[in-house]
Amino acid sequence: MDGTNEKTLKKNQIPQGRPYVSSIFVHAGAGYHSTTNEHIHLGACNDSARLAMRILRAGGTAVDAVEAAIKVLEDKEITNAGFGSNLSIEGIVECDATIVDHLGRSGACGATAQIRNPIHLARVILDASNKPLSLRRVPPNLLVGQGATDFAYEHGIPVVPHDMVVSKNARDRYVRWRDDLRRAERGRMTPGTSSATSSQAGEEEVGREYEERVRSQQRRDHMNAILHGTWNEGQPDSPQPSPTLERHDHYPTNRRSPSSSAPSNDPCSTASVHARSHSPDGSPSKRPRYGKNLSDSHVRTHSLLGPNSASTDICKAGADATMAVEALDFSHEFHPRSSDGPTSPAEPSTIGDLFSPLAFVQEGTAESRHERLPITKDEDLITDTVGAIAIDMYGNIAAGSSSGGIGMKHRGRVGPAALVGIGTAVVPIDERDPESVCVAAVTSGTGEHMATTLASQKCAERLYHNTRRAQGGADIEATEEEAMQSFVLADFMGHPGVSGSNSAGAIGVMAVKKTPYGYFLHFAHNTDSFALASMHSNEKEPKCVMSRIGEHGNIVQGGRKIRVD
């Protein structure tokens, strides 16, 4: 037995006395979640936490629990992960996922098509990366594109037709955005002209270019299928515009695709078959401390201990969730609304007056002017990266993320959910640390900005060391709440690559700090809403909350403490 496996077995032995309290924390994305569909989002979080806790109580590892929790969210059409994800500009679902264990080892896949549960593929990649290869080759921990799909096939993961991971709602969104894109491109191609002939010619040209891209991709897919023996009989033909689109106020909670009796010409037509995947050093003290001042001029605080509600006031913390927040002076008054999902309302109080879906296609370009379309308040304007963090009875922590990415993205675009330190991060226990502190963080939001700021790793390090950014860029000692504030306001929104960008910097972050004094959940977001749930092994039901920013403030913070004594 090699040293690595021996250490792993020791880590998975229950310590003398009683086992650790197991806990699961999940989120269904930061963005805008309609009040009408709020119960569906929270229901997804509830189901996810319950299944993960069953695994933890049965002796499963934190990695097992994270995978199971995210699988549930991927199988919910209302989330932008797995089945029902946003489509790329070529009408294809390509997903990203990462899973990180207590040692910081990771498995990830990016821009991966034809896989219903990308988090399962990420788990298989993680397991394979810990096994030696011949000739001392280094096994990969990140695979993208066709290489990831081939790896999945070689390891017994079902590779399904493209249309089997496309939901009707995702298809309808795609058709709307495609039409918006065509109109925008036609406007640029024929500026200042009102001629019906030139307009028609421009539309035909855009249509020809678009369909040629799709046909080219189909030819590549056809050749790859022949070479790899994985021909997809459900390969779609060129996209056809949809004359009428049905409006759905509610997303279905089951994940079955609508059946079809004949092949469809829509690139996103769904198949009648339903397939499932098998599934320290001089640093400041890491002991949790809490600020005493409370202000909500820019920051609002919520507790996960209260009932599920759209909080509009600061919630008073319960006995095991003593938290306070001190507001930071922040000059920016905008509310970012754009992330890996459709656009959000420009103002939370005027839901009926919204940007066209094209605003989302351009990833929230602030200087762009778009036609405003009437959209009902019952419609979710953002669905985003989902994530989970777990602590098992052996005291090990793990984290994971999964996402379908932004709508109408470039084929092959890799988002933060596939990138360690950006979408998911774990700061492992230092063997010389008597307190055995560790931190995990998962993020959701504008992926390119999170990549610029190394978001999840920076957040985890802020919490681990209890520091915040001071004037001049120096790191100084801080409470955990101040550390979270500093991350969102200074490290992320104040980063020149974000503040100087044309795209809005949207972010939601969930982080967990494991200490001898308890497990501390912290979350923060600058988007309209953030759906979360948490549960520990001594609870009968998960605590779910839809955190909302309300009409005032730039960010919302909240969290809870789970006692372990």
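Figured I'd write up the structure that's included with this text. Per chain, residues are indexed from 1 in the order of the written sequence. Two thresholds apply to this predicted model, a pLDDT of at least 70 for residue-level local features and 80 or more for giving and counting side-chain atom pairs, whereas whole-chain, interface and lining totals are computed over all residues. The basis for the side-chain values is all heavy atoms of the structure; hydrogens and waters are excluded.

On to the overall build of the protein chain. Only DSSP runs of H or I reaching four residues or more are called helices, and only runs of E reaching two or more are called strands; each is numbered from the N terminus. Looking only at helices and strands, the protein chain features twelve helices and 18 strands. Counting across all 565 residues of the protein chain, residues that qualify as buried make up 57%. When the accessible area of the protein chain is evaluated, it comes to approximately 23,200 Å², of which 50% is carbon and sulfur surface. With a 1.4 Å probe rolled over the protein chains alone, any residue whose accessible area is under 20% of its type maximum counts as buried; one over 50% counts as exposed, and the rest are partly exposed. Computed with the Shrake-Rupley method and a 1.4 Å probe, the accessible areas treat only the protein chains shown as cover for residues.

If you check which residues of helix α10 (residues 455-465) are buried, you get A455, S456, C459, A460, R462, L463 and Y464. Phi for N466, located one or two positions after α10, is positive at around 55°.

On to the pattern of salt bridges. The term salt bridge refers to a side-chain nitrogen of Lys or Arg lying within 4 Å of a carboxyl oxygen of Asp or Glu. Scanning all chains against the criterion turns up 19 salt bridges. Between R183 and D180 there is a salt bridge, with the nearest N and O atoms lying 2.2 Å from each other. One end of the pair, R183, and the other, D180, are both in helix α6 (residues 168-189), three residues apart, so they sit about a helical turn from each other. Residue class for D180 comes out buried when judged on its relative accessible area of 8%. Note that E448 and R413 form a salt bridge whose closest N and O atoms lie 3.0 Å from each other. A residue pair is termed long-range when its members are at least 10 positions apart, and E448 in helix α9 (residues 447-453) and R413 in the loop between β9 (397-403) and β10 (424-427) qualify at 35 residues. Residues joined in a network through salt bridges with shared partners are D64, E67, K71, R123 and D127.

Attention shifts here to the sheet that holds strand β8 (residues 386-391). Spatially, the eight strands line up as an open sheet ordered β4-β3-β2-β9-β8-β1-β16-β17, and their pairing is mixed. Each having just a single partner strand, β4 (142-144) and β17 (543-548) make up the two edges of the open sheet. Shown here is a sheet whose adjacent strand axes are inclined to one another by a mean of 10°, direction ignored. Any two strands with at least two DSSP-identified bridges between them are counted as paired. Pairing geometry for strand β2 (residues 94-100) and strand β3 (residues 106-113), over six bridges, is antiparallel. By the bridge assignment, I99 is partnered in β3 with G107. Together, β1 (23-31), β2, β8 and β9 form the strand contacts of helix α3 (residues 62-74), whose direction differs from that of β8 by roughly 155°. Angles here are taken between N-to-C directions and fall from 0 to 180 degrees, while the axes themselves are lines fitted to C-alpha atoms, restricted in helices to the stretch in contact. We call two residues in contact whenever any of their non-hydrogen atoms come within 4.5 Å of each other.

Okay, α3 next. For the α-helix, the turn length of 3.6 residues means that residues three or four positions removed from each other point alike. With 13 residues, α3 extends 18 Å from end C-alpha to end C-alpha; this agrees with the ideal 18 Å at 1.5 Å per step. For α3, the tally of buried residues reaches twelve of 13 residues, placing the bulk of the element in the interior. Among the residues making up α3, those that are buried are A62, V63, A65, V66, E67, A68, A69, I70, K71, V72, L73 and E74. One less than the residue count of a helix, multiplied by 1.5 Å, gives the span that helix is expected to have.

The phi torsion at R136 lies on the positive side, around 60°, for a residue other than glycine. Along the chain, the position of R136 falls in the loop between α4 (118-129) and β4. We note that M408 has phi near 60°; this positive angle belongs to a residue other than glycine. With respect to the element layout, M408 can be found in the loop between β9 and β10. A relative accessible area of 7% means that M408 is categorised as buried.

What follows concerns the packing of helix α2 (residues 38-57) against α3. At a minimum axis separation of 8 Å, α2 and α3 run at an interaxial angle of 155°. Here α3 runs roughly antiparallel to α2, going by the angle between their axes. Handedness of the α2/α3 crossing: right-handed. Note on element contacts: α3 touches α2 through A62, D64, A65, A68, A69, I70, V72 and L73, opposite A44, C45, D47, S48, L51, A52, I55 and L56. By the convention adopted, Pro, Cys, Tyr, Trp, Phe, Met, Ile, Leu, Val and Ala count as nonpolar, Lys, Arg, Asp and Glu as charged, and the other residues, Gly among them, as polar. Of the residues assigned to the contact of α2 with α3, the class counts are 13 nonpolar, one polar and two charged. For classification purposes, angles smaller than 35 degrees are called roughly parallel, those larger than 145 roughly antiparallel, those between 65 and 115 roughly perpendicular, and all remaining angles oblique. Here a crossing is taken to be left-handed if its near helix is turned anticlockwise relative to the far helix by less than a right angle, and right-handed if that turn runs clockwise.

One way to put it is that α3 packs onto α4 with a least axis distance of 8 Å and a crossing angle of 155°. Classified by the angle their axes make, α3 and α4 are roughly antiparallel. Contacts between α3 and α4 involve V63, D64, E67, I70, K71 and E74 on the former and, on the latter, P118, I119, H120, R123 and L126. Of the residues in the contact of α3 with α4, the class split is five nonpolar, one polar and five charged.

By secondary structure assignment, the location of V442 is in strand β11 (residues 438-445). The class for V442 is buried, based on a relative accessible area of 0%. In this structure, V442 is in contact with H27, G387, A388, I389, A399, G400, S401, G423, T424, G508, V509 and M510, ignoring residues within four places of it in sequence.

Glancing now at the side chain of T467. Within the element layout of this structure, T467 appears in strand β12 (residues 467-469). In terms of polar contacts, T467 uses its side chain to reach the side chain of R462, at 3.1 Å. Whenever a nitrogen or oxygen atom comes within 3.5 Å of another N or O atom, the pair is scored as a polar contact, on the condition that within protein one atom can donate a hydrogen and the other can accept it, and that pairs from neighbouring residues in sequence are kept only if both atoms are in side chains.

Right, let's get into the side chain of H536. Residue placement: H536 occurs in strand β16 (residues 529-536). With near-sequence residues (within four places) excluded, H536 lies in contact with V21, S22, S23, M53, R57, R560 and I562.

Turning our attention to the pairing of β9. Taken residue by residue, a regular strand's side chains alternate between the two faces of the sheet. The buried count for β9 comes to seven of seven residues, which makes it a mostly enclosed element. What you see with β9 is no split at all: I397, A399, S401 and S403 on one side and A398, G400 and S402 on the other are buried throughout. Inspection of the sheet shows β8 paired to β9 by six bridges, in the antiparallel sense. Counterpart to G387 in the pairing with β9 is S401.

Turning our eyes to something else, we now look at the pairing of strand β15 (residues 518-525). Judged by how many residues are buried, β15 sits mostly within the fold: eight of eight residues are covered. Going residue by residue along β15, you find G518, F520, H522 and A524 tucked away on one face and Y519, L521, F523 and H525 tucked away on the opposite face as well. Sheet topology places strand β14 (residues 507-515) next to β15; eight bridges connect them, and they run antiparallel. Along β15, the bridge assignment pairs A511 with H522. Taking the residues that link successive antiparallel strands as the turn, the β14-β15 hairpin has two residues. Where β15 lies against strand β18 (residues 555-562), seven bridges are found, and the strand directions are antiparallel. Considered in β18, the bridge of F523 is made with G558.

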